[in-house]
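Secondary and tertiary structure notes
Listed here are the chains, written in short residue letters.
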Number of protein chains: 2
Amino acid sequence: MRILGVDPALTRTGYGVVDFKKNKLSFLEAGVVTTSSRQAIAERLDKIHAAVMRLASRTKPDVIVIEKLFAHYRHPTTAYLLGQARGVICLVCAEKNIPLIEYAATRVKKAVVGRGLGSKLQVQRMVANILNLNKLPKYTDVTDALALAITHSYDVGLRERKLNFNQKVY
Amino acid sequence: MRILGVDPALTRTGYGVVDFKKNKLSFLEAGVVTTSSRQAIAERLDKIHAAVMRLASRTKPDVIVIEKLFAHYRHPTTAYLLGQARGVICLVCAEKNIPLIEYAATRVKKAVVGRGLGSKLQVQRMVANILNLNKLPKYTDVTDALALAITHSYDVGLRERKLNFNQKVY
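The structure presented is a predicted model; accordingly, all values stated were derived computationally and were not measured.

1. A word on the overall build of chain A
Broken down by element type, chain A carries 5 helices and 5 strands. If you list the helices and strands of chain A from N to C, you get β-β-β-α-β-α-β-α-α-α. Scaling as 2.2 N^0.38, a compact globule of 170 residues should have a C-alpha radius of gyration of about 15 Å, and chain A matches this with 16 Å. Relative to its full complement of 170 residues, chain A shows a buried share of 48%. Accessible surface, chain A: about 8800 Å² in total, of which carbon and sulfur atoms supply 53%. Of the side chains in chain A, 27 bear a positive and 13 a negative charge, and the two mean positions are spaced by 6 Å.

2. Considerations on the relation of the copies chain A and chain B
The relation between the two copies of this chain is a rotation about an axis and a shift parallel to it. When chain A is fitted to chain B, the best match, at an RMSD of 0.0 Å, comes from turning it 180° and sliding it 0.0 Å along the axis. When the rotation and shift are considered jointly, the pair of chain copies conforms to a two-fold rotation axis. When you check the interface residues of chain A against chain B, 100% turn up at the interface there too, and the contact is symmetric in its surfaces.

3. Describing the nonpolar core
In terms of nonpolar packing, the biggest core is built from 48 residues, with Ile64(A) and Ile64(B) touching the most fellow members. Discounting chain neighbours no more than four positions away, the residues touching Ile64(B) are Leu4(B), Val6(B), Ile89(B), Val92(B), Cys93(B), Ile98(B), Pro99(B), Leu100(B) and Ile101(B).

4. Examining the sheet that holds strand β3 (residues 24-34) of chain A
All names here are of chain A. Across the sheet, 5 strands lie side by side as β3-β2-β1-β4-β5; this open sheet has mixed pairing. Either end of the sheet is taken by a strand with one partner, and the two such strands are β3 and β5 (100-103). Taken over all neighbouring pairs, the strand axes of this sheet differ in orientation by 25° on average, direction set aside. Here 4 bridges tie strand β4 (residues 63-67) to β5, and the two strands are oriented parallel to one another. Looking across to β5, one finds that Glu67 is bridged to Tyr103.

5. Brief notes about the interface of chain A and chain B
Between chain A and chain B, the contact holds 27 residues from the first and 27 residues from the second. Carbon and sulfur atoms make up 74% of the area that chain A and chain B hide from each other, which totals about 2400 Å². At the junction of chain A with chain B, the criterion picks out 0 salt bridges. Among the elements of the structure, α1 (41-59), α2 (76-96) and β5 of chain A are those that each provide at least two residues to the side of chain A that touches chain B. Per element, the largest residue contribution to the side of chain A that touches chain B is 16 residues, and it comes from α2(A). Considering only residue class, the side of chain A that touches chain B consists of 18 nonpolar, 5 polar and 4 charged.

6. Notes on the packing of α1(A) against α2(A)
Residue and element names in this part refer to chain A. Relative orientation of the contacting elements α1 and α2 amounts to 35°, with a least axis distance of 9 Å. Crossing angle aside, the handedness with which α1 passes α2 is right-handed. Between α1 and α2, the residues in contact are Ile41, Leu45, Ile48, His49, Val52, Met53, Ala56 and Ser57 and Gln84, Ala85, Val88, Ile89, Leu91, Val92, Glu95 and Lys96, respectively. Broken down by class, the residue content of the contact of α1 with α2 amounts to 11 nonpolar, 3 polar and 2 charged.

Rules used throughout
Residues numbered from 1 in each chain as written. Chains lettered and ligands numbered in written order. Predicted model: local features only at pLDDT ≥ 70, side-chain atom pairs only at ≥ 80, totals over all residues. Heavy atoms only, no water. Helix = DSSP H or I, 4+ residues; strand = E, 2+ residues; numbered from the N terminus. Rg over C-alpha atoms; globule rule 2.2 N^0.38 Å. Buried < 20%, exposed > 50% of the residue type's maximum accessible area, 1.4 Å probe, protein only. Areas by Shrake-Rupley, 256 points an atom, 1.4 Å probe, with all protein chains shown as cover. Lys, Arg positive; Asp, Glu negative; His and termini not counted. Charge placed at Lys NZ, Arg CZ, Asp CG, Glu CD. Least-squares fit on C-alpha atoms with pLDDT ≥ 70 in both. Contact = heavy atoms within 4.5 Å. Core = buried A, V, L, I, M, F, W, Y, C linked by side-chain atoms within 4.5 Å. Pairing = 2+ DSSP bridges. Axes fitted to C-alpha atoms, helices over the stretch in contact; angles between N-to-C directions. Buried area = accessible area lost by both parts, 1.4 Å probe. Salt bridge = Lys/Arg side-chain N within 4 Å of Asp/Glu carboxyl O. Nonpolar A, V, L, I, M, F, W, Y, C, P; charged D, E, K, R; others polar. Left-handed = near helix turned anticlockwise from the far one by under 90°.

Right, here's the structure in full:
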């Protein structure tokens, strides 16, 4: 199963692709899509949408994973701006017919760091460790996206193991 | 000039198309795109995006007008949800290469009702009056969208009159 994690934002959208096969996780690629605040909003959203569409066409993920909508933004304007970026990612899922999976931020941290309130740096280090990356990715947007993908692989792994267990018993 | 006003929202997106020719405003069509909260978010945004894309293809507006981003939502979650719907409308502008114009809500009310703090009902009545509609549109989402289009036509009219004035003087 190929998993694409995306951390949408107007200025810098992080993404990461991992493969999960036979209970083994492997890193495929990761990066960011950046837009400038000097660009018009329509242009910025179009760039993000087009980049993730191309990425999905090229890497053919089985699922796209994003963070669950959560009101942890103090300013409604920030939430509104972020929502726009999130909207065009959701649209990629619909247009490419790829299931969209959402995890709460605390769930992701728990999966990757072991507890719900890990720091950004802890997430970064654990993601690099889990995926055997040579160095820490520059942006936390990238590690956040990879952390989302890792969380989903754990979920799938757990489901598969439960299935095997059940098959043995009955 | 053909103007498409859109009031994006997940549950009910209002739209209205008007023509502005020789300083005369005429109503073309208006309606809503509805989605159900039982649908997945990707599906809902896809429906809104596809409907406005079809509308833009069919009516060929010269501009699309939406409300300016403003933090008047008490709950960041509401802002986040709304932002997603707004994002896919912005995307239509980029994909169809139609300029996107934004007006603050107070500006729209001032243009249509005459003051910045008019009620929804006042906006509804004034829109129906300005466009010679037989009856009040059922949803305020529709009148809000039409009010945005009307505001832009006033702006264009004003610019044109100023241009004529300048041409006379010099």
